[in-house]
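# Coordinate analysis (summary)
In case you want the letters, here they are:
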Amino acid sequence: MTIWALIPVKVFAEAKSRLSSILTPKQRAILARAMFRDTLSATALAEGLDGIAVVTKDPEAAEIARLAGACVIDDQTQDLNDALTAGRMTLQNRLGAVDLIIIPADLPAARASDIDDFIAARRTPTQIVLSPDHEGDGTNMLLTGAMTDFPYAFGPASYQRHISQAKDLGYEATSLKSVRVGADLDNPSDLYRIWQHAPGEHTKRALETFCLSSHWPLKEVS
Ligand SMILES: Nc1nc2c(ncn2[C@@H]2O[C@H](COP(=O)(O)OP(=O)(O)OP(=O)(O)O)[C@@H](O)[C@H]2O)c(=O)[nH]1
Ligand SMILES: O=C(O)[C@H](O)COP(=O)(O)O
């Protein structure tokens, strides 16, 4: 079975609004771009993937994706779940049946091996594999097969919602918990966790440049 990663990317200038109490609009755009670069680099190193697609309306994100060899799908929607559904349809029209791993672009600590572990956990066509965020609330990676009837339901409490949907549709849900995959950066309180889990180089540099140490003791763990 062909397996692709699908990475959704919001317009950088509109991203990470929940960090507006500690970062300027320019800093948030820089951080969103840095996290996307790191997520994309890790994804590109995964051995088990046949391809990577990025669904976005941001021209700069599209250019970064193309330079990394990813396929770009123009996002004509206004919503994350609609963008993912459109991305899945585009890939299935082009490639036929395809397994898809949704990888949000704000996982700067995720590594290629995390993605390969995810792929290895999938054994049957009627199985989904998913990872929760560190709070067990959101879904930080989601692997589905060619089951086009599985609705994307990202947003608050999406982890339990995705599991319930799988059950209702007669699919098996396998949960893989990883501290690195669970470390998304949504809120100011996530910063120290990200730092502890050794984010990729672009995110690390951005966080260092922002001099956040005056707000947050971003100490490296030994
Ligand atoms: N293509 C696309 N991607 C999106 C959209 N909304 C969110 N994303 C992406 O989905 C992933 C998870 O998004 P969030 O954690 O909600 O990030 P965010 O929207 O930048 O953060 P907030 O503004 O704080 O809600 C990130 O990769 C975002 O870039 C959308 O409308 N379209
Ligand atoms: O499940 C989700 O929607 C993703 O993990 C993003 O969740 P968030 O709202 O915590 O960013």
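Calculation notes
Residues numbered from 1 in each chain as written. Chains lettered and ligands numbered in written order. Predicted model: local features only at pLDDT ≥ 70, side-chain atom pairs only at ≥ 80, totals over all residues. Heavy atoms only, no water. UniProt positions renumbered as here; feature names shortened; annotations may be inferred. Near = heavy atom within 4 Å. Polar contact = N/O pair within 3.5 Å; in protein donor to acceptor, adjacent residues only side chain to side chain. Areas by Shrake-Rupley, 256 points an atom, 1.4 Å probe, with all protein chains shown as cover. Salt bridge = Lys/Arg side-chain N within 4 Å of Asp/Glu carboxyl O. Helix = DSSP H or I, 4+ residues; strand = E, 2+ residues; numbered from the N terminus. Buried < 20%, exposed > 50% of the residue type's maximum accessible area, 1.4 Å probe, protein only. Core = buried A, V, L, I, M, F, W, Y, C linked by side-chain atoms within 4.5 Å. Contact = heavy atoms within 4.5 Å.

The protein carries the name 3-phospho-D-glycerate guanylyltransferase in an unreviewed UniProt entry, which gives Roseibium polysiphoniae as its organism. According to UniProt, the comment filed for the protein under the heading Catalytic activity (unreviewed entry) is "(2R)-3-phosphoglycerate + GTP + H(+) = 3-[(R)-glyceryl]-diphospho-5'-guanosine + diphosphate".

Turning our eyes to something else, we now look at the site of ligand 2. All residues adjacent to ligand 2 are Arg-18, Gly-138, Thr-139, Asn-140, Phe-154, Gly-155, Ser-158 and Asp-186. Within the side chain of Arg-18, one N or O atom sits 3.2 Å away from an oxygen atom of ligand 2. When ligand 2 sits alone it has 310 Å² of accessible area, and the protein chains cover 84% of it.

On inspection of all chains with the given rule, the structure shows ten salt bridges. In this structure, Arg-205 engages Glu-201 in a salt bridge whose closest nitrogen and oxygen atoms are separated by 3.2 Å. Highlighted residues: Arg-205 and Glu-201, both in helix H8 (residues 201-209), separated by four residues, approximately one helical turn. Look at Arg-205 and you get partly exposed, because its relative accessible area is 45%. What makes Glu-201 exposed here is its relative accessible area of 53%. Shared partners join several salt bridges into a network, and the residues in it are Lys-16, Arg-18, Asp-106 and Asp-186.

All right, on to the nonpolar core then. Ranked by internal contacts, the top residues of the largest apolar core, which has 32 residues, are Ile-7, Phe-36, Leu-49, Ile-101 and Met-141. A total of five residues in this core trace back to one element, the largest contributor, which is helix H4 (residues 112-121). Beyond its immediate sequence surroundings of up to four residues, Ile-7 is in contact with Phe-36, Leu-40, Thr-43, Ile-52, Ala-53, Val-54, Val-55, Ile-103 and Ala-105.

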